[in-house]
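Residue-level listing of the chains:
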Amino acid sequence: MITNPRILTSLSKKIGRNDPCWCGSGRKYKSCHQAFDERIATYARQGHIVPSRKLIKTEKDIEGIKKSAVINMAILDEVGEKIHAGMNTQEIDDIVTRITAQMGGIPADLGFEGYPKSVCTSINNEVCHGIPSKNVILKEGDIINVDCSTILHGYFSDSSRMYCIGEVRPEWKKLVDVTKECVEKGLEQVKPWKFMGDMGDAVHQHALKHGYSIVEEIGGHGCGNAFHEDPFVSYVSTPGTEMLMVPGMVFTIEPMVNMGVPDIYVDEHNGWTVYTADGQASAQWEVEVLVTEDGYELLSW
Ligand code: MF3
Ligand code: CO
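Here's a quick rundown of the structure.

Conventions used here
Residues numbered from 1 in each chain as written. Chains lettered and ligands numbered in written order. Predicted model: local features only at pLDDT ≥ 70, side-chain atom pairs only at ≥ 80, totals over all residues. Heavy atoms only, no water. Near = heavy atom within 4 Å. Polar contact = N/O pair within 3.5 Å; in protein donor to acceptor, adjacent residues only side chain to side chain. Areas by Shrake-Rupley, 256 points an atom, 1.4 Å probe, with all protein chains shown as cover. Nonpolar A, V, L, I, M, F, W, Y, C, P; charged D, E, K, R; others polar. Pairing = 2+ DSSP bridges. Helix = DSSP H or I, 4+ residues; strand = E, 2+ residues; numbered from the N terminus. Contact = heavy atoms within 4.5 Å. Axes fitted to C-alpha atoms, helices over the stretch in contact; angles between N-to-C directions. Parallel < 35°, antiparallel > 145°, perpendicular 65-115°, else oblique. Left-handed = near helix turned anticlockwise from the far one by under 90°.

Regarding the site of ligand 1
Not every one of the 14 residues close to ligand 1 is listed here, only the nearest: Asp-109, Asp-147, His-228, Glu-254 and Glu-286. Asp-147 places a polar side-chain atom, nitrogen or oxygen, 3.0 Å from a nitrogen atom of ligand 1. Take Asp-158: an N or O atom from its side chain is 3.1 Å from an oxygen atom of ligand 1. Taking 340 Å² as the accessible area of ligand 1 by itself, protein coverage stands at 96%. Of the residues in the shell around ligand 1, the class split is five nonpolar, four polar and five charged.

As for the sheet that holds strand β13 (residues 282–284)
Read across the open sheet, the three strands follow the order β6-β10-β13; overall the sheet is antiparallel. The two strands at the open ends of the sheet, each matched to only one other strand, are β6 (213–214) and β13. For β6 and strand β10 (residues 256–258), the ladder comprises two bridges, and the chain directions are antiparallel. Residue pairing for β10: Ser-213 is matched across the bridge by Asn-258. In the packing of helix α5 (residues 170–188) onto the sheet, the strands contacted are β10 and β13, and the crossing angle to β13 comes to about 40°.

With respect to the packing of helix α3 (residues 59–82) against helix α4 (residues 89–102)
At their nearest, the axes of α3 and α4 sit 10 Å apart, and the two run at 140° to each other. Relative to α4, the element α3 is oriented oblique. In the crossing of α3 with α4, the sense of the turn from one axis to the other is right-handed. Here Ile-71, Ala-74, Ile-75, Glu-78, Val-79 and Lys-82 of α3 lie close against α4, whose contacting residues are Ile-92, Ile-95, Val-96, Arg-98, Ile-99 and Thr-100. Of the residues assigned to the contact of α3 with α4, the class counts are eight nonpolar, one polar and three charged.

Structure, rendered in structure tokens:
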């Protein structure tokens with residue numbers, strides 16, 4: 001059972017104008033979030049999907065997520081330094097385990113819904129959730145996504161990068177570059193009082209312009225106080241639809257862009273790894289982004 005997000009705001013406990021604001025600022029509600037809540041309620045009455053209060057991060061939450069992201073990005077930097085042809089993907093998992101422990105964090109992937117490793121390593125036609133293994137050896141010409149997520153003091157960071165192993169065929173290099181541009185096009189649309197669908201469509205149009213497709217079944221998510229929060233973030237969406245963006249929301253932009261068809265299937269042996277249906281290459285970059293008063297701030301990349 002879940003509550004209809006369109007009417008959640010009206011169910012939230014009524015706060016008196018002179019009561020302390022729900023955000024924990026210590027200020028009176030009327031001089032803190034009252035106008036903000038009323039603005040959201042107006043959109044909800046018009047039938048839009050709006051964020052519930054628990055998706056709005058406080059200053060303390062944002063500081064916590066940023067500290068977690070310092071670890072996440074240090075890991076991806078270190079992977080970038082060390083990754084090379086001949087290396088196996090378990091060695092990437094080892095880097096994640098080592099840096100996370102050194103910096104006092106916890107790998108969010110490990111044990112998540114039974115996931116067996118600390119990071120996802122997805123190569124070529126693997127779309128996501130590739131499982132590190134000492135039997136998977138990187139070779140010249142591979143493209144690989146390393147998707148890393150960290151917990152620090154209960155705060156979650158999540159981002160992923162593509163790495164090209166040595167000389168990569170030009171069509172795949174282009175896929176990697178255009179996928180990064182897709183994320184940048186999406187970021188340009190991240191502004192308060194716009195819609196997630198504005199962002200998703202910008203991502204999608206850029207992929208389509210280059211003849212690529214975007215996976216529909218798997219998308220991004222709210223993130224920060226939990227690994228996967230609402231909303232589900234689609235990159236095949238219509239402008240003016242999906243959840244309203246408001247300051248304090250944190251979510252990921254992480255399109256999976258395929259050279260060929262958007263269709264995918266899941267590995268029947270390990271139950272995790274997702275592949276392209278046609279065996280063509282797929283790329284993904286992921287950032288975690290905060291909606292601010294006038295646009296966005298990247299938290300993890
Ligand atoms: N890091 C992935 C994401 O971007 C989630 C991986 S879940 C795992 O949302 F269990 F496969 F690790
Ligand atoms: Co994610």
